[in-house]
Amino acid sequence: MQTNFLSQRFNAGFLAENSTACPANATICDGTSCVLPDDNFNQTLNVVLSTVLTIMLALVMFSMGCNVELKNFLGHIKRPWGIFVGFLCQFGIMPLTAFLLSLAFNVLPIQAVVVMIMGCCPGGTTSNVIAYWVDGDMDLSISMTTCSTLLAMGMMPLCLFIYTKMWTDSDAIVLPYDSIGISLVALVIPVSFGMFVNYKWPRKAKIILKVGSIVGAVLIVLIAVVGGILYKGSWIISPKLWIVGTIFPAAGYTLGFFLARLAGLSWHRCRTVSLETGMQNTQLCTTIVQLSFTPEQLELMFTFPLIYSIFQLLFALLILGGYRLYRRHRVKTKTDVEKTEQKEDSKSNAKINGGFLSDEMK
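Analysis parameters
- Residues numbered from 1 in each chain as written.
- Predicted model: local features only at pLDDT ≥ 70, side-chain atom pairs only at ≥ 80, totals over all residues.
- Heavy atoms only, no water.
- UniProt positions renumbered as here; feature names shortened; annotations may be inferred.
- Helix = DSSP H or I, 4+ residues; strand = E, 2+ residues; numbered from the N terminus.
- Buried < 20%, exposed > 50% of the residue type's maximum accessible area, 1.4 Å probe, protein only.
- Contact = heavy atoms within 4.5 Å.
- Areas by Shrake-Rupley, 256 points an atom, 1.4 Å probe, with all protein chains shown as cover.
- 1 Å grid on protein atoms, 1.4 Å probe; cavity = no way out; pocket = protein on both sides within 12 Å on 5 of 7 lines; lining within 4 Å.
- Points joined across faces, edges and corners; volume = space filled by probe spheres on them.
- Nonpolar A, V, L, I, M, F, W, Y, C, P; charged D, E, K, R; others polar.
- Patch = residues over 30% accessible without salt bridge, like charges linked within 9 Å, V, L, I, M, F, W, Y side chains within 5 Å.
- Salt bridge = Lys/Arg side-chain N within 4 Å of Asp/Glu carboxyl O.
- Core = buried A, V, L, I, M, F, W, Y, C linked by side-chain atoms within 4.5 Å.
- Phe/Tyr/Trp six-rings, centres within 6.5 Å; stacked < 30°, edge-to-face > 60°.
- Lys NZ or Arg CZ within 6 Å of the ring centre and 35° of its normal.
- Expected span 1.5 Å × (residues − 1).
- Bend = angle between axes of the 7 residues up to and from the residue.

The name given to the protein in an unreviewed UniProt entry is Ileal sodium/bile acid cotransporter, with the source organism recorded as Gymnorhina tibicen. Quoted verbatim from the Sequence similarities (unreviewed entry) field of UniProt, the annotation for the protein is "Belongs to the bile acid:sodium symporter (BASS) (TC 2.A.28) family." One UniProt comment on the protein, placed under Subcellular location (unreviewed entry), says "Membrane".

Structure representation (structure tokens):
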């Protein structure tokens, strides 16, 4: 998780008990809250955790690559209908949804900008892990994440130019192309190694995949915990942004699924497109707002990527839980139907065999 700025607030009650004014080293003070500069502990913690998370992410993507077959992956590239539908969802539905939510809830201009930045970000790698758990199309999931990250270099500036005109000068938003490039490399290289292992040693690849899915679960939880530690003082924010941060990922999952279904994709690909649409690269959004805005502006907008990250994960887990319940019920029902059919067949065959009917079939 990349971060260059840590926002810490002190509420009025705390200040009243401990001092009559903001601390001397406060960079911003409005009488009720203060923002303090980074301390060495948090900087060190950030570097250590970022390194650990990067290594874990590479391992997870390597394991996800072990479930990708080169032939199927290239098939999606050569016949990119699924990728095209994902592209429409990622850079069509999400920016438009962000724009409409910002207007509907009448958030501050600077807050509308951060909502738009989130809507224009490419898909996150967490979607690949969840897609595996919901029996999605892993070849499509990996190819969509790769393509959206690559296309983000051109589509993000275009979408921000179109949608943020009424709130700010799009030139004021700094896009970290180096971070996008690093995300792309961190995705492509481990997945490529995983695909090679799957091609050469398919049995070992299955073992690696199971281990990687567990590591992926740990990574998701760890990212949430790290966010809570590093940004523990940043949760005082407008209720409107909390509402937008709740609705936005849910809308992404829902609209992505229905658009994929309207496009004629199979059910497991619809689930894949849905997850790729709703799960955004929140780390990239955080980096962009840090590079583009002043501490005073960050005070109003910095927490939104964290809110979105929490609710996109929460809804993804609800989708996973719902799918697992459906699958368990479906398998159970299917098994009962097969047993009933076998019983009926045995009874009908008994007439042909002189009326013989075993005790098991009675």
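Past the structure itself, the notes keep going.
Draft legend 1. Quick look at the overall build of the protein. Along the backbone of the protein there are 14 helices and 2 strands. Expressed as a percentage of the 362 residues in the protein, the buried residues total 48%. Partitioning the contacts of the protein with sequence separation of at least 6, the portion at a separation of at least 24 is 81%. Carbon and sulfur atoms make up 66% of the accessible area of the protein, which totals about 18,100 Å².

Draft legend 2. Structural view of the layout of surface pockets. The calculated volume of the second largest pocket comes to roughly 330 Å³. Counting residues per element, the ones that place at least two in the lining of the second largest pocket are α11 (267-278) and α14 (304-352). The leading source of residues in the lining of the second largest pocket is α14, at 8 residues. Tallied by class, residues from the lining of the second largest pocket come to 7 nonpolar, 2 polar and 3 charged.

Draft legend 3. Broad picture of the UniProt feature "transmembrane region" (unreviewed entry) in the protein. Sequence positions flagged by UniProt for "transmembrane region" (unreviewed entry) are, in local numbering, residues 45-63, 83-105, 112-134, 140-163, 175-195, 207-229, 241-260 and 306-326. As annotated, residues 241-260 has a helix share of 100% and a strand share of 0%, and its two end C-alpha atoms lie 28 Å apart.

Draft legend 4. Layout of a nonpolar patch on the surface. A cluster of nonpolar side chains, L96, L100, L103 and M166, forms an exposed patch at the surface whose accessible area comes to about 370 Å². Given a relative accessible area of 47%, L100 falls into the partly exposed group.

Draft legend 5. Representation of the pattern of salt bridges within the structure. The tally for this structure, following the rule as stated, stands at 2 salt bridges. Note that D137 is salt-bridged to R269, the shortest N-O span being 2.9 Å. Pair noted here: D137 is in the loop between α6 (126-133) and α7 (138-163) and R269 is in helix α11, with a separation of 132 residues, a long-range link. Assessed through its relative accessible area of 7%, D137 is described here as buried. Residue classification places R269 among the partly exposed positions, given a relative accessible area of 30%.

Draft legend 6. Here's a closer look at the side chain of S141. With respect to the secondary-structure elements, S141 resides in helix α7. Given a relative accessible area of 0%, S141 falls into the buried group. Apart from residues no more than four positions distant in its own chain, S141 is found in contact with S127, N128, A131, T272 and E276.

Draft legend 7. Focus on the nonpolar core. Counting 39 residues, the largest nonpolar core has I117, M156, F248, F293 and F304 as its most contacted members. Among the secondary structure elements, those contributing two or more residues to this core are α4 (81-104), α5 (109-120), α7, α10 (239-262), α12 (282-292), α13 (295-301) and α14. Listed in part, the 24 residues of the second largest apolar core include M56, V60, V68 and L219.

Draft legend 8. How the structure looks around the packing of aromatic side chains. Taken as a whole, this structure holds 9 aromatic pairs when the rule is applied. Summarising the aromatic geometry, the rings of F311 and F315 are spaced 6.4 Å apart at their centres and angled 35 degrees between planes, so their arrangement reads as tilted. Taken together, the positions of F311 and F315, both in helix α14 and 4 residues apart, correspond to about one turn of that helix. For F315, a relative accessible area of 22% gives the class partly exposed. Taken together through their ring pairs, the aromatic side chains of F248, F304 and Y308 make up a single cluster. Over the ring of W267 we find R261, and its NZ or CZ is 3.8 Å from the ring centre.

Draft legend 9. Region of the structure containing α4. The end-to-end C-alpha distance of α4, which contains 24 residues, comes to 33 Å, matching closely the 34 Å that a straight helix rising 1.5 Å per residue would cover. At C89, α4 is deflected by roughly 25 degrees, the largest bend along its length. After α4 finishes, the residue N106 shows a positive phi value of roughly 50 degrees.

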